[in-house]
Amino acid sequence: MRPRQPSVVGRRTVLRGLGLGALGAGALAACGIPPARQSADKCISTDQSGSQKQLNFSNWPSYMDESDEKVNGKTVLPTLEAFQKQSGIQVTYTADVNDNSEFYAKVRDQLGTCQPSGRDIFVLTDWMAARMVSLGWIQKLDHAKVPNVDKYLLQQLKSPLWDPNRDYSVPWQSGLTGIAYNAKVTGEIGSWTDLIGKSELKGRITLLSEMPDTMAVMLRLVGADPAKFNDAEWTKALEKLENSVGAGQIRRFTGNDYVQDLNDGNIAACMAWSGDVLALQADNADIKFVVPEEGLNLWSDNMLVPNKATHKANAEALMNYYYDPEVAAELAAWVNYICPVEGARQAMEKIDPELVDNPLVFPDQAMLSKTSSFMPLDTAKAKLYETDFNLAIGG
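Keep in mind it's a predicted model, so treat the numbers as computed, not measured.

S.K.: Can you lay out the overall build of the protein for me, pointing to particular residues and giving the numbers?
M.R.: A tally of helices and strands in the protein yields 16 helices and 12 strands. Taking 21 Å as the expected radius of gyration for a compact globule of 395 residues, we find that the protein reaches 21 Å, a close match to that expectation. Evaluated residue by residue, the protein yields a buried proportion of 55% over its 395 residues. In the protein, the proportion of contacts linking residues at least 24 apart, taken out of those at least 6 apart, comes to 76%. When the accessible surface of the protein is summed, it comes to about 15,900 Å², and 49% of that surface belongs to carbon and sulfur atoms. Of note, the protein has its 38 positive side-chain charges centred 3 Å away from the centre of its 49 negative side-chain charges.

S.K.: Describe the pattern of salt bridges, naming the residues involved and giving the relevant values.
M.R.: Pairing is possible between side chains of opposite charge, provided their charged atoms come close. Applying the stated criterion to the full structure yields 7 salt bridges. Lys 381 is paired through a salt bridge with Asp 231; the nearest N and O atoms lie 2.9 Å apart. Pair noted here: Lys 381 is in helix α16 (residues 379-393) and Asp 231 is in helix α9 (residues 231-246), with a separation of 150 residues, a long-range link. Residue Lys 381 is classed as partly exposed on the basis of its relative accessible area, which comes to 25%.

S.K.: Provide a residue-level description of the nonpolar core, including the pertinent values.
M.R.: Counting 122 residues, the largest nonpolar core has Met 132, Met 215, Leu 241 and Leu 318 as its most contacted members. It is helix α13 (residues 325-335) that contributes the most residues to this core, 8 residues altogether. With residues up to four places along the chain from it excluded, the contact list for Met 132 reads Tyr 104, Val 107, Leu 111, Phe 122, Leu 124, Trp 137 and Ile 138.

S.K.: Can you tell me about the side chain of Arg 119, naming the residues and giving the values?
M.R.: The topology assignment puts Arg 119 in the loop between α4 (100-112) and β5 (121-125). Polar side-chain contacts of Arg 119 include one of 3.0 Å to the side chain of Ser 58. A distance of 3.0 Å separates the side chain of Arg 119 from the backbone oxygen of Ser 117, its partner in a polar contact.

S.K.: An account of the state of the cysteines is needed here, citing residue identities and associated values.
M.R.: Each disulfide is one covalent bond, formed between the sulfur atoms of two cysteines. Tallied over the full model, the rule gives 1 disulfide. At a sulfur-sulfur separation of 2.1 Å, the disulfide partner of Cys 43 is Cys 114. Note on the Cys 43 and Cys 114 pair: the S-S dihedral is about 95°, so by sign convention the disulfide is right-handed. Of this pair, Cys 43 sits in the loop between α2 (25-31) and β1 (54-58) while Cys 114 sits in the loop between α4 and β5, placing them 71 residues apart in sequence. Comparing Cys 43 with Cys 114 shows no difference in burial state: the two are buried.

S.K.: Please provide a residue-by-residue account of the packing of aromatic side chains, values included.
M.R.: Applying the stated criterion across every chain, the model contains 15 aromatic pairs. Taking the centre distance of 5.8 Å and the plane angle of 80° together, the rings of Phe 57 and Trp 172 count as edge-to-face. Taken as a pair, Phe 57 in strand β1 and Trp 172 in strand β6 (residues 170-182) lie far apart in primary sequence, 115 residues in all. Owing to a relative accessible area of 1%, Phe 57 belongs among the buried residues under this scheme. Through a chain of ring-to-ring contacts, the aromatic side chains of Phe 57, Phe 83, Tyr 93, Trp 172, Tyr 321 and Tyr 322 assemble into a single cluster.

S.K.: Explain the environment of Asn 256 to me, and be specific about the residues and the numbers.
M.R.: Structurally, the position occupied by Asn 256 is in the loop between β8 (250-254) and α10 (258-264). Sequence spacing of Asn 256 and Ala 272 is 16 residues, and the spatial spacing of their C-alpha atoms is 7.5 Å.

S.K.: How would you sum up the packing of helix α3 (residues 78-87) against helix α12 (residues 312-322)? Please name residues and give values.
M.R.: When two helices pack together, their arrangement is given by the angle between their axes and by how far apart the axes lie. Where α3 meets α12, the closest approach of the two axes is 11 Å, and the angle between their N-to-C directions is 125°. For the element pair α3 / α12, the angle class is oblique. Regarding α3 and α12, the two cross each other, and that crossing is right-handed. Contacts from Thr 79, Leu 80, Ala 82, Phe 83 and Gln 86 in α3 reach Asn 314, Ala 317, Leu 318, Tyr 321 and Tyr 322 in α12. Residue classes in the contact of α3 with α12 are distributed as 7 nonpolar, 3 polar and no charged.

S.K.: Account for the packing of helix α8 (residues 211-221) against α9, with residues named and values stated.
M.R.: Where α8 contacts α9, the axes come no closer than 8 Å and their chain directions differ by 100°. Judged by the angle between their axes, α8 and α9 are roughly perpendicular. Along the contact surface, α8 presents Met 211, Thr 214, Met 215, Met 218, Leu 219 and Leu 221, while α9 presents Glu 233, Trp 234, Ala 237, Leu 238, Lys 240 and Leu 241. Residues belonging to the contact of α8 with α9 are distributed by class as follows: 9 nonpolar, 1 polar and 2 charged.

S.K.: Tell me about the pairing of strand β7 (residues 205-208), and name the residues and values.
M.R.: What you see with β7 is no split at all: Ile 205 and Leu 207 on one side and Thr 206 and Leu 208 on the other are buried throughout. Looking at chain direction, β7 and β8 are connected through 4 bridges and run parallel. Bridging from a neighbouring strand, Leu 208 pairs with Thr 254 of β8.

S.K.: Outline α8, listing residues and values.
M.R.: Counting buried residues along α8, 10 of its 11 residues qualify, which places the element largely inside the surrounding structure. When α8 is considered as a whole, its buried residues turn out to be Met 211, Pro 212, Asp 213, Thr 214, Met 215, Ala 216, Val 217, Met 218, Leu 219 and Arg 220. Within two residues after α8, Gly 223 carries a phi angle of roughly 85°, on the positive side.

Criteria and thresholds
Residues numbered from 1 in each chain as written. Predicted model: local features only at pLDDT ≥ 70, side-chain atom pairs only at ≥ 80, totals over all residues. Heavy atoms only, no water. Helix = DSSP H or I, 4+ residues; strand = E, 2+ residues; numbered from the N terminus. Rg over C-alpha atoms; globule rule 2.2 N^0.38 Å. Buried < 20%, exposed > 50% of the residue type's maximum accessible area, 1.4 Å probe, protein only. Contact = heavy atoms within 4.5 Å. Areas by Shrake-Rupley, 256 points an atom, 1.4 Å probe, with all protein chains shown as cover. Lys, Arg positive; Asp, Glu negative; His and termini not counted. Charge placed at Lys NZ, Arg CZ, Asp CG, Glu CD. Salt bridge = Lys/Arg side-chain N within 4 Å of Asp/Glu carboxyl O. Core = buried A, V, L, I, M, F, W, Y, C linked by side-chain atoms within 4.5 Å. Polar contact = N/O pair within 3.5 Å; in protein donor to acceptor, adjacent residues only side chain to side chain. Disulfide = S-S within 2.5 Å. Phe/Tyr/Trp six-rings, centres within 6.5 Å; stacked < 30°, edge-to-face > 60°. Axes fitted to C-alpha atoms, helices over the stretch in contact; angles between N-to-C directions. Parallel < 35°, antiparallel > 145°, perpendicular 65-115°, else oblique. Left-handed = near helix turned anticlockwise from the far one by under 90°. Nonpolar A, V, L, I, M, F, W, Y, C, P; charged D, E, K, R; others polar. Pairing = 2+ DSSP bridges.

Below is the structure:
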């Protein structure tokens, strides 16, 4: 059996560290002043890819396939090494995206004033990617240079509300937020209604401290669509959460520190991220992942080319390369999140057959049809909703 990568769990901790809510309280507090909007006609970027075969790539830790081999003390990254040999493009790869808001703070002064960030491509979660796109900080992609993306991107990821034509973003990897339970300490759980309402689970469950994850569930439970809701529906969903907290149903709200408690049976069930669950299942067959009857959340981490990046065509070449199904399968076999590339499942048969039928890497259409993403929010609305949420959970 191929060893799972325990560091992937840690990567998701920092990745989801503040969630969409940081767009309101966390990110705004970090900004100090309103961010400066840019536009393509005012902030002009010049591509030097034709004469400079190089690329600066910022990503999250443990989000690239690694080899046990080391060269000159450095870990070998097989698919990235193959890209460099195939394209002649020298990639400077840095795992320095430890938190969406933290990374925003690193680059906001440059991007807000139309200055180079020192990066040609970086990877950010939906909510932060949406923010940067709305601020005009991201270069528009040339679809003619990413034919694999247009051909193989999963249908469910093709048209997010914040980038409906994928003109500015390309998913790197994706994941699900659903229910996980420990079958050793509880019976089967089939729905969010069960998780929130079963008396035998009182005080034995955790939800996530990330506003979009938890409130998407509450919105579903009051009959609203997390991808499109109004203030009245928000208020109703918030009351649902407050009632559950007041009744003692929820032990606490967590990042992915639920992992150890779930594994040890200290909690019976929880709201969970798919990559965490897959890592746990490698060593604990009692851990189950549930697609709730009401639906579940789908999210992506997205490749973006910032303004003033001078190697846009090289970045597009890398995007196109990682959407080759065989390359995508090799990457997915290591990171264990949802592969956003159609055709990678067939390629996985040669790489790691045990993952071919794993729905947490290759969800079927039945599962994907039950997913949705959280509605994009403007800055003012995000700040208001985050305050509401924090008060409701006692944050």
